[in-house]
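Coordinate inspection notes
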Amino acid sequence: MIKSTLKNVSLFFTAIVVFWTSGCYNAKAESITLNLDEAIEMALENNHDTKKAKLEVKKAEAAIDEAYGYAYPTLDISSQFYRFLEKPKMLFDMSKMGGDGWSEVVMSQTNNFEAKASFQQILFSSAVFTGIGASEDYYNVSKEQLKSQVNNTILDVKKAYFGVLMAQEAYDILQTSFENAQQNLKNVEAFFTQGLAAEYDKMQAEIQVENIRPQLLYSENQLKNAKNGLKMILGLDNESSIMLEGKLEYHEISLDTYSKLKSTALQENYDLRTLNSKINLDQAQIELSESEYWPTLALFGTASYNGIADDFDLFTYTSSLVGINFSMNLFQGGRTFHKRQQNEITKMQTETQINQMKEYLSMEIKTKLNEIERVKSSLEAQERTIKLAEKAYDMSEVRYKEGAGSQLEVLNADIALKQAKTNRLSSVYNYITAVAELDNILGKVDAKYMRRFMNIKQN
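If you're wondering where the values come from, they're calculated on a predicted model, not measured in any experiment.

1. A word on the overall build of the chain
Counting its regular elements, the chain contains ten helices and eight strands. In the chain, of all internal contacts separated by at least 6 residues, the share reaching a separation of at least 24 is 82%. Surface exposure of the chain reaches about 28,200 Å², of which carbon and sulfur atoms provide 55%.

2. So, the packing of aromatic side chains
Under the counting rule described, the total for this entry stands at six aromatic pairs. Considering the side-chain rings of Tyr82 and Phe84, the 5.6 Å spacing of their centres and the 85° angle between planes classify their relative orientation as edge-to-face. Ring geometry for Tyr250 versus Tyr431: centroids 5.0 Å apart, planes at 75°, classification edge-to-face. Taken as a pair, Tyr250 in the loop between strand 6 (241–244) and helix 6 (258–268) and Tyr431 in helix 9 (residues 407–442) lie far apart in primary sequence, 181 residues in all. With a relative accessible area of 25%, Tyr250 lands in the partly exposed category. Overall, Tyr431 belongs to the buried group, its relative accessible area being 2%. When the ring centre of Phe192 is taken as origin, the NZ or CZ atom of Lys202, which lies over that ring, is 5.9 Å away.

3. Focus on the side chain of Glu169
Along the chain, Glu169 turns up in helix 4 (residues 126–193). Buried charge without a partner: Glu169 forms no salt bridge, and the closest opposite charge is Lys247, 4.9 Å away. In this structure the side chain of Glu169 is engaged in a polar contact, spanning 2.8 Å, whose partner is the backbone nitrogen of Leu248. Contact partners of Glu169, with chain neighbours within four places excluded, come to Lys247, Leu248 and Leu425.

4. Re the nonpolar core
Grouped together as the largest cluster of nonpolar side chains are 57 residues, with contacts concentrated most on Leu230, Leu234 and Leu248. Looking at this core element by element, the count peaks at twelve residues for helix 4. Dropping the residues within four chain positions of it, Leu234 is found in contact with Leu34, Ala39, Met42, Ala43, Asn46 and Val157. Counting residues in hydrophobic clusters, the runner-up holds twelve residues, among them Ala181, Leu185, Val188 and Leu216.

5. Looking at helix 2 (residues 36–46)
Within the span of helix 2, buried status applies to Ala39, Ile40, Met42, Ala43 and Leu44. A distance of 3.2 Å separates the backbone nitrogen of Asp37 from a side-chain oxygen at the start of helix 2, and that oxygen is part of Asn35.

6. Looking at the sheet that holds strand 2 (residues 74–83)
Ordered in space as 2-5-7-8, the four strands form an open sheet in which the pairing is antiparallel. Across the chains shown, the open sheet's two edge strands, defined by having one partner strand only, are strand 2 and strand 8 (315–327). Sheet twist, expressed as the average angle between the axes of neighbouring strands with direction ignored, equals 15°.

7. Things to note about the side chain of Asp414
Residue placement: Asp414 occurs in helix 9. One buried charged residue, Asp414, forms no salt bridge at all, with the nearest opposite charge on Lys418 at 5.0 Å. Engagement of the side chain of Asp414 in a polar contact is seen with the side chain of Gln208, the distance being 3.3 Å. Excluding anything up to four places from it in sequence, Asp414 contacts Ser177, Asn180, Gln208, Ile212 and Tyr393.

8. Overview of the pairing of strand 5 (residues 111–125)
Two strands pair when backbone bridges link them, and strand 2 and strand 5 are joined in this way by ten bridges, in the antiparallel orientation. Opposite Ser79, over in strand 5, you have Ala115 as the bridge partner. Judged from the 14 bridges that link them, strand 5 and strand 7 (residues 296–309) form a sheet pairing that is antiparallel. Each bridged residue has a counterpart across the sheet, and for Glu114 the counterpart in strand 7 is Asn306.

9. Observations concerning the packing of helix 4 against helix 7 (residues 270–290)
Two elements in contact, helix 4 and helix 7, have axes whose closest approach is 8 Å; the angle formed by their N-to-C orientations is 165°. If you check the angle between helix 4 and helix 7, you find them roughly antiparallel. Viewed along their axes, helix 4 and helix 7 form a crossing whose handedness is left-handed. Within the contact of helix 4 with helix 7, the residues separate by chemical class into eight nonpolar, eleven polar and seven charged.

10. A short note on the environment of Lys247
Positionally, Lys247 belongs in the loop between strand 6 and helix 6. Take Lys247: its relative accessible area is 59%, and that puts it in the exposed class. For the pair formed by Lys247 and Leu165, sequence separation is 82 residues and the distance between their alpha carbons is 6.1 Å. When residues no more than four places from it in sequence are discounted, the contact partners of Lys247 are Leu165 and Glu169.

11. Considering a nonpolar patch on the surface
Where nonpolar side chains cluster on the molecular surface, the patch consists of Leu75, Phe119, Leu123, Phe124, Phe129, Tyr293, Trp294, Leu299, Val322, Ile324 and Phe337 and spans about 1,100 Å² of accessible area. Only strand 5 and strand 8 provide two or more residues apiece to the nonpolar patch. With three residues, the single largest contributor to the nonpolar patch is strand 5. Examined against the element boundaries, Val322 turns out to sit in strand 8.

The rules we used
Residues numbered from 1 in each chain as written. Predicted model: local features only at pLDDT ≥ 70, side-chain atom pairs only at ≥ 80, totals over all residues. Heavy atoms only, no water. Helix = DSSP H or I, 4+ residues; strand = E, 2+ residues; numbered from the N terminus. Contact = heavy atoms within 4.5 Å. Areas by Shrake-Rupley, 256 points an atom, 1.4 Å probe, with all protein chains shown as cover. Phe/Tyr/Trp six-rings, centres within 6.5 Å; stacked < 30°, edge-to-face > 60°. Buried < 20%, exposed > 50% of the residue type's maximum accessible area, 1.4 Å probe, protein only. Lys NZ or Arg CZ within 6 Å of the ring centre and 35° of its normal. Lys, Arg positive; Asp, Glu negative; His and termini not counted. Salt bridge = Lys/Arg side-chain N within 4 Å of Asp/Glu carboxyl O. Polar contact = N/O pair within 3.5 Å; in protein donor to acceptor, adjacent residues only side chain to side chain. Core = buried A, V, L, I, M, F, W, Y, C linked by side-chain atoms within 4.5 Å. Pairing = 2+ DSSP bridges. Axes fitted to C-alpha atoms, helices over the stretch in contact; angles between N-to-C directions. Parallel < 35°, antiparallel > 145°, perpendicular 65-115°, else oblique. Left-handed = near helix turned anticlockwise from the far one by under 90°. Nonpolar A, V, L, I, M, F, W, Y, C, P; charged D, E, K, R; others polar. Patch = residues over 30% accessible without salt bridge, like charges linked within 9 Å, V, L, I, M, F, W, Y side chains within 5 Å.

Okay, here's the thing in structure tokens:
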């Protein structure tokens, strides 16, 4: 009876474990369907680089608060108790006061304590006031860096998203070609059985099927790799399954002239804006180093409560004072001068980076415009090529069935059709990604992403 009960309990818990684990597996295996906007939103929420850039902005905000803190008054309290194991003494020449020779005089009591409160308020300090401005410049730099990271993340998502769509369509093209080859093999085998086709034709059809099979497996693997790359950008686990909405479609984009695009890029490109903000920070660092030449003026005050005695029946007293402290460095071995010199060189380096970035942007805009125009012109020709290739394939099948054509014509027509579709697919991907890269250079980011994921108002 007991054994039977234990067996039933064991089976019950086993069933629960099996049900729970199978449920977890199914939950893991559940596919996530995303459109492009959802993919961008997910990446901006989960992408590690974007998270680090957000934290840098928060760090800069804390630096501003810290800088203002140096301008506020400081208040400190302290207390101490100490007992002399051997009291300090001083020697006095008592003969000068009518005594005999030298004598020791005790200078303190055995037990001593002090409780003190002190405050200080900076009245003038170039370092403090310049530091506040420098911290705000640092915040502006980190804010522009975050915007740049959001812009780059969106570009990464678009390229990876379109890459998956291209890999999916390339796989579909091969799958269709594979199915055509299998159907062609069936037709040839039927003709061969009826004595209407040569064994050589049958062998060619079989070879065509087997040649496409490894290509199909390779394409399937490329699709998996493309999805894994996208999942990494989205911050998803590698075991997650994703499905994407949409297809690679060509829509012609009207573009401004090169001069207008260049002007826009020089104003809106986020990498360039980051460098322009860094120039202000570099200048603030120069002024911060110069502040060591200036004096510091501060108001201070203390209040203390003291007690002394040889026993614990302490004699207590209080004292307080206020004053103004003036300090100014006169010589530091040239440290301030050389620190300023280093900061000036840093600013010069940033200026060089800005000029280099402007040249790079000008070149990249030309490159993207040329790429877009080249792809546009090739797409029109490729559309016609696909239509001709489809017509040629259909005609080759009809001719073979009617005995007017050869198996080689069918094979060549299939290869030509597959190549034409693949070429167009590649061109559409190149066009879409070139436009996305151009938008990235121009700093074109939907304002909703800036508001939703950055909590930063556009300037």
